[in-house]
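Listed here are the chains, written in short residue letters.
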Amino acid sequence: MRATSPLGMFERYLSVWVGLCIAAGVALGNLAPSLFAAVSDLEIANVNLVVAALIWVMIYPMMIQIDFGAVRDVGRRPRGLVITLVINWLIKPFTMAALASLFFLHVFAGLIPEADARQYIAGAVLLGVAPCTAMVFVWSQLVRGDANYTLVQVAVNDLIMVVAFAPLAALLLGVSDITVPWTTLLLSVVLYVVIPLGAGALTRRALVARTRDPGALGRFVALLKPASIVGLLATVVLLFGFQATTIVEHPLTIGLIAVPLVIQSYGIFALGYLWAWLWKLPHCVAAPAALIGTSNFFELAVAVALGLFGLQSGAALATVVGVLVEVPVMLSLVAFANRTASRFTPA
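What comes next concerns the included structure.

A look at helix α16 (residues 314-339)
Step number 1: Taking 1.5 Å per residue as the helical rise, α16 with its 26 residues ought to reach 38 Å, and the 37 Å between its terminal C-alpha atoms agrees with that figure.
Step number 2: With respect to burial, α16 is a largely interior element, 22 of its 26 residues being buried.

Looking at empty space enclosed by the protein
Step number 1: In this structure the tally under the stated criterion is two cavities of 30 Å³ or more.
Step number 2: Approximately 120 Å³ is the volume found for the largest cavity.
Step number 3: In terms of lining residues, the largest cavity is bounded by 14 residues, among which Leu 261, Ser 265, Thr 294, Asn 296 and Glu 326 are the most central.
Step number 4: Sorting the residues of the lining of the largest cavity by element identifies α6 (79-107), α7 (114-128), α13 (251-278) and α16 as the ones contributing at least two each.
Step number 5: Tallying contributions element by element places α16 first for the lining of the largest cavity, with five residues.

Focus on the pattern of salt bridges
Step number 1: Inspection of every chain in the model, using the stated rule, returns two salt bridges.
Step number 2: Between Arg 77 and Asp 146 there is a salt bridge, with its nearest N and O atoms 3.4 Å apart. Here Asp 146 lies in the loop between α8 (135-142) and α9 (147-173) and Arg 77 lies in the loop between α5 (68-71) and α6, a separation of 69 residues in the sequence.
Step number 3: Judged by its relative accessible area of 35%, Arg 77 falls in the partly exposed class.
Step number 4: Classification of Asp 146 by relative accessible area gives buried; the value is 16%.

Describing helix α15 (residues 298-309)
Step number 1: Counted at 1.5 Å a residue, the expected span for α15 with its 12 residues is 16 Å, and the 16 Å between its end C-alpha atoms agrees.
Step number 2: The set of residues buried in α15 consists of Phe 298, Glu 299, Leu 300, Ala 301, Val 302, Ala 303, Val 304 and Ala 305.
Step number 3: Contacts from the buried residues of α15 go to α7, α9, α10 (182-210) and α16.
Step number 4: Backbone geometry just after α15 places Gly 310 at a positive phi near 100°.

So, the environment of Leu 306
Step number 1: One can find Leu 306 in helix α15.
Step number 2: Leu 306 sits 10 residues away from Ala 316 along the chain, and the two C-alpha atoms are 5.9 Å apart.

A word on unusual backbone geometry
Step number 1: The backbone of Arg 144 sits at a positive phi, close to 60°, despite the residue not being glycine.
Step number 2: Position of Arg 144 relative to the elements: it lies in the loop between α8 and α9.
Step number 3: According to the relative accessible area criterion, Arg 144 is partly exposed, its value standing at 39%.
Step number 4: Even without being a glycine, Lys 280 presents a positive backbone phi close to 60°.
Step number 5: The residue Lys 280 is located in the loop between α13 and α14 (283-294) in this model.

Reading the values: the criteria
Residues numbered from 1 in each chain as written. Predicted model: local features only at pLDDT ≥ 70, side-chain atom pairs only at ≥ 80, totals over all residues. Heavy atoms only, no water. Helix = DSSP H or I, 4+ residues; strand = E, 2+ residues; numbered from the N terminus. Expected span 1.5 Å × (residues − 1). Buried < 20%, exposed > 50% of the residue type's maximum accessible area, 1.4 Å probe, protein only. 1 Å grid on protein atoms, 1.4 Å probe; cavity = no way out; pocket = protein on both sides within 12 Å on 5 of 7 lines; lining within 4 Å. Points joined across faces, edges and corners; volume = space filled by probe spheres on them. Salt bridge = Lys/Arg side-chain N within 4 Å of Asp/Glu carboxyl O. Contact = heavy atoms within 4.5 Å.

Structure (structure tokens):
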């Protein structure tokens with residue numbers, strides 16, 4: 001018998017809920033721009049604290065499920081990690097640069113001035129070389145991913161990002177003075193990984209210490225699930241509310257920038273998911289591996305774009321469009337992964 005979806009009614013009406021939240025964000029952002037501006041200003045090193053709190057709400061249930069004793073066993077199943085690392089560092093940055101150049105310099109040549117096109121390419125490249133740190137836990141949780149495996153994937157990605165981000169960005173952008181915003185990078189890792197991981201470990205230990213019921217942990221996580229979904233929807237509203245004015249004033253530009261970003265997202269997911277299926281990985285490893293390769297570390301990309309090109313630059317705008325595109329696209333991929341789970345090898 002097939003397990004009940006962790007999303008339930010939310011998954012069945014996914015497009016409806018996401019569409020309503022996008023519309024609500026754009027509408028509220030234009031009706032109360034000062035309110036969203038005030039929330040947007042609550043940030044440290046380009047990391048918005050309100051969005052960070054919502055991400056904590058979303059990923060906390062998964063962090064509780066991480067068993068540090070089982071994390072050591074991940075090394076015996078390296079294939080999922082191989083897929084993530086190869087796609088993130090050897091494929092994704094270069095396909096993003098190629099797609100952005102193709103669309104902005106050729107397909108949309110008559111619609112976008114060349115100077116703007118090169119700025120949009122730069123923003124897309126910065127997204128392509130910045131694999132996600134936080135939201136991957138959300139996507140993994142929504143597809144019933146192996147929490148221990150996801151933690152190792154994120155940790156290894158973060159370690160590689162420390163040494164590979166600047167050289168890759170410099171290579172693809174053709175500049176030599178890339179300055180890594182270490183405060184943004186380190187603060188994001190602490191906020192999105194270290195703190196929720198520590199909270200989850202303490203909660204797990206307390207639950208295990210107070211009860212010998214093996215089902216207590218699962219029931220507690222189930223109680224948190226509605227809050228996690230609300231956090232996800234609220235994040236969508238905020239992200240679109242922050243950029244509501246830009247969306248209304250420049251809809252064509254936003255749409256054009258989104259095209260290669262969306263194609264990249266679906267293409268990278270398809271590559272990772274098919275690779276995992278060919279390698280006969282269990283779905284709890286295969287789906288997160290493909291989703292991790294698809295998602296982006298948008299705080300880092302935005303911070304570098306601002307530092308290199310400025311607040312009003314096309315590069316900064318492109319990274320912002322990446323933020324807007326990511327959540328709806330990733331949720332559609334989550335729904336697809338859940339629908340196709342039965343085609344993978346059982347765990």
